[in-house]
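# Commentary on secondary and tertiary structure
Take a look at the letters that make up each chain.
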Amino acid sequence: MKNLSKTVISVLAAAGFAIAASAASAQTVSPTGPIVVSGTLNQSLAGGQFLTVCNVVFQGVADASGLTLNSYTGANVNGGDLACDDSLVFPIRVDAVSSSALNVQSLIVSTRFGDCAETNIPVSWNNANSSVTFPVGTTLGGGICELNGSLTVSPSTTIN
């Protein structure tokens, strides 16, 4: 029992240290407040089927540790078969990981063929032009849905 107690205390101490280290290395988003995120997203089903190009405008809020997107409008610019204006489930939380990387906690895209969902999606961040990039090959729902494109955050935002 004494050894179990020491083990539990050691584990709790290690967990506390890990949390403190994580908090100390957290990235800071600046400025905070209302944001508009806009640009072009290409979406398709596996293998590029039903490629649809969407011009999108997201409304959200930046806080010290990331972005929360709450709503959007979108327009289909190539006549593709997928929706550009009502297919996302909100809110979408995006955490600042580093000055060049973000993590999308959860993204759910509803299609008439079913939902595509994915968690912990790594995306690139560019401080110089305040933009986020979903690289070609970003998949959701175990590869059923594909997404790529670049979005710009306004006002100009930096992550340090």
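In the block above lies the structure referred to throughout.
No experiment lies behind these values; they were computed from the predicted model shown. (Residues numbered from 1 in each chain as written. Predicted model: local features only at pLDDT ≥ 70, side-chain atom pairs only at ≥ 80, totals over all residues. Heavy atoms only, no water.)

## Some points on unusual backbone geometry
Cut-off, in case you're wondering: A run of DSSP states H or I qualifies as a helix once it reaches four residues; a run of E qualifies as a strand once it reaches two. Both are numbered from the N-terminal end. Summary of the burial criterion: residues with accessible area below 20% of their type's maximum are buried, those above 50% are exposed, and those between are partly exposed, where the area comes from a 1.4 Å probe applied to protein chains only.
Looking along the chain, the bond that leaves Ser30 and enters Pro31 is cis, with omega of -5°. Along the chain, Pro31 turns up in the loop between β1 (29–30) and β2 (33–45). The phi angle at Phe50 is positive, at roughly 60°, despite the residue not being glycine. In this fold, Phe50 is placed in strand β3 (residues 49–63). Residue classification places Phe50 among the partly exposed residues on the basis of a relative accessible area of 31%. Backbone geometry places Ser130, a non-glycine residue, at a positive phi of 50°.

## Focus: the state of the cysteines
The condition that has to hold: Two cysteine sulfur atoms make up a disulfide if the distance between them is within 2.5 Å.
Under the criterion given, the structure shown has two disulfides. A sulfur-sulfur separation of 2.0 Å characterises the disulfide bridge that pairs Cys54 with Cys84. Across the S-S bond linking Cys54 and Cys84, the dihedral sits near -70°, which makes this disulfide left-handed. Linking Cys54 in strand β3 with Cys84 in the loop between β4 (66–76) and β5 (92–98), this pair joins segments that are 30 residues apart in sequence. For the pair Cys54 and Cys84, one class covers both residues: buried. In this model, Cys116 is linked to Cys145 through a disulfide, with the two sulfur atoms separated by 1.8 Å.

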